[in-house]
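Next come the chains, spelled out residue by residue.
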Amino acid sequence: MAGLMVLVLLGCQDSGPPPPTNGGQPDVVVVAPDGHAELSRLFALNDYDLDNLDQGVPKLIVTSLPQDLDRVSQVNERKRIFFLTLLPMILMGNEEIQSERDLVEFLISGFDKGRLPTEEEAERLAEIQDKYRVAGDPFSDCEVRTRLLKRVDVLPPSLVLAQAANESGWGTSRFAQVANNLFGEWTFTPGTGIVPTDRPAGEIYEVRSFPTIYDSLRSYMLNLNTHRAYAPLREKRHQARLENRPLKGVDLAQGLQAYSIRGEEYVEEIAAMIRHNQLTRFSYLNLRGL
């Protein structure tokens, strides 16, 4: 497959959850495709398509979206490539978050039963708390543990795909193509992003630039899980957990009013994209190796 770079990387509870699993990503393949045809051939060679996702989703990181994606004339084909490209990275991002959540639940449950964390476990917990911006002692303070568990949680693939498509023009926007930025995230550190052409005078924000689109996805997930603007989304997710209901993108989208100045109109657009593209079909997928 000429032109395609491939690199294999080695590399207050009533009952206790199972011990946490390894959150690493062995057998991940990283690719930098020359174009959409190259990417489609890779999918075909690995028997990966929308009609056989029950066989598993390969652990595939595509560093950047094909620059000729806007030249795919058939809308459904462009959507197919977009979905197949992002799905593995969304699942891997959620797998990382789930591993962190498993550890938090395991340590809290163990503490409630009289088991103290090891030094290594305590250090890892502190790293997770720092990452998710939750200060305090989750062992002795129920408010802290609740806040932590509200933040360390997965996002429905349907929601992520709909927002990525909406914010990036199905992967064809300038910021998606040049900065690997799928979600329009900003930075206020001059020189670390791209200046929008329509930025008002006196403003200093830039659109963040990411090394890969996987970095953009992980940053977006962390943003929804930590920023105060998306507390309504996290509250809806937490309530679903308490009621033992599945997480649905159309439900959590109701907590995204602050994501766009369009407010409720934006929320309804995301929900409509989920329904129109039947994105809930991606809710219960598993990863596999290539």
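Worth saying up front: this structure is predicted, and the values here are computed from it rather than measured.

Caption draft 1: Structural context of helix H5 (residues 157-168). Between its terminal C-alpha atoms H5 stretches 16 Å, which fits the 16 Å expected from 12 residues at 1.5 Å a residue. Most of H5 sits out of view: 10 of its 12 residues are buried. If you check which residues of H5 are buried, you get Pro157, Ser158, Leu159, Val160, Leu161, Ala162, Gln163, Ala164, Ala165 and Ser168. Each element contacted by the buried residues of H5 is listed here: helix H2 (75-112), helix H6 (174-179), helix H7 (213-226), helix H8 (231-242), helix H9 (249-252) and helix H10 (264-276). Two residues or fewer after H5 comes Gly169, characterised by a positive phi angle close to 60°.

Caption draft 2: Region of interest: H7. With 14 residues, H7 ought to run about 20 Å at 1.5 Å a step, and its terminal C-alpha atoms sit 20 Å apart, in line with that. Where burial is concerned, most of H7 is hidden: 11 out of the 14 residues are buried. Two or three places before Tyr214, at the start of H7, stands the capping residue Thr212, its side-chain oxygen 3.3 Å from that residue's backbone nitrogen.

Caption draft 3: Focus on the pattern of salt bridges. Across all of its chains, the model carries 18 salt bridges by this definition. The salt bridge involving Lys131 is made with Glu100; its shortest N-O contact spans 2.8 Å. Remark: Glu100 occurs in helix H2 and Lys131 occurs in helix H3 (residues 119-131); sequence separation between them is 31 residues. When its relative accessible area of 27% is taken as the criterion, Lys131 is described as partly exposed. What makes Glu100 buried here is its relative accessible area of 3%. With its nearest N and O atoms 3.5 Å apart, the salt bridge here joins Glu105 to Arg101. Taken together, the residues span about one helical turn, with Glu105 and Arg101 both in helix H2 at a distance of four residues. Residue class for Glu105 comes out buried when judged on its relative accessible area of 15%. Exposure remark for Arg101: the relative accessible area of 10% places this residue in the buried category.

Scoring rules and cut-offs
- Residues numbered from 1 in each chain as written.
- Predicted model: local features only at pLDDT ≥ 70, side-chain atom pairs only at ≥ 80, totals over all residues.
- Heavy atoms only, no water.
- Helix = DSSP H or I, 4+ residues; strand = E, 2+ residues; numbered from the N terminus.
- Expected span 1.5 Å × (residues − 1).
- Buried < 20%, exposed > 50% of the residue type's maximum accessible area, 1.4 Å probe, protein only.
- Contact = heavy atoms within 4.5 Å.
- Polar contact = N/O pair within 3.5 Å; in protein donor to acceptor, adjacent residues only side chain to side chain.
- Salt bridge = Lys/Arg side-chain N within 4 Å of Asp/Glu carboxyl O.

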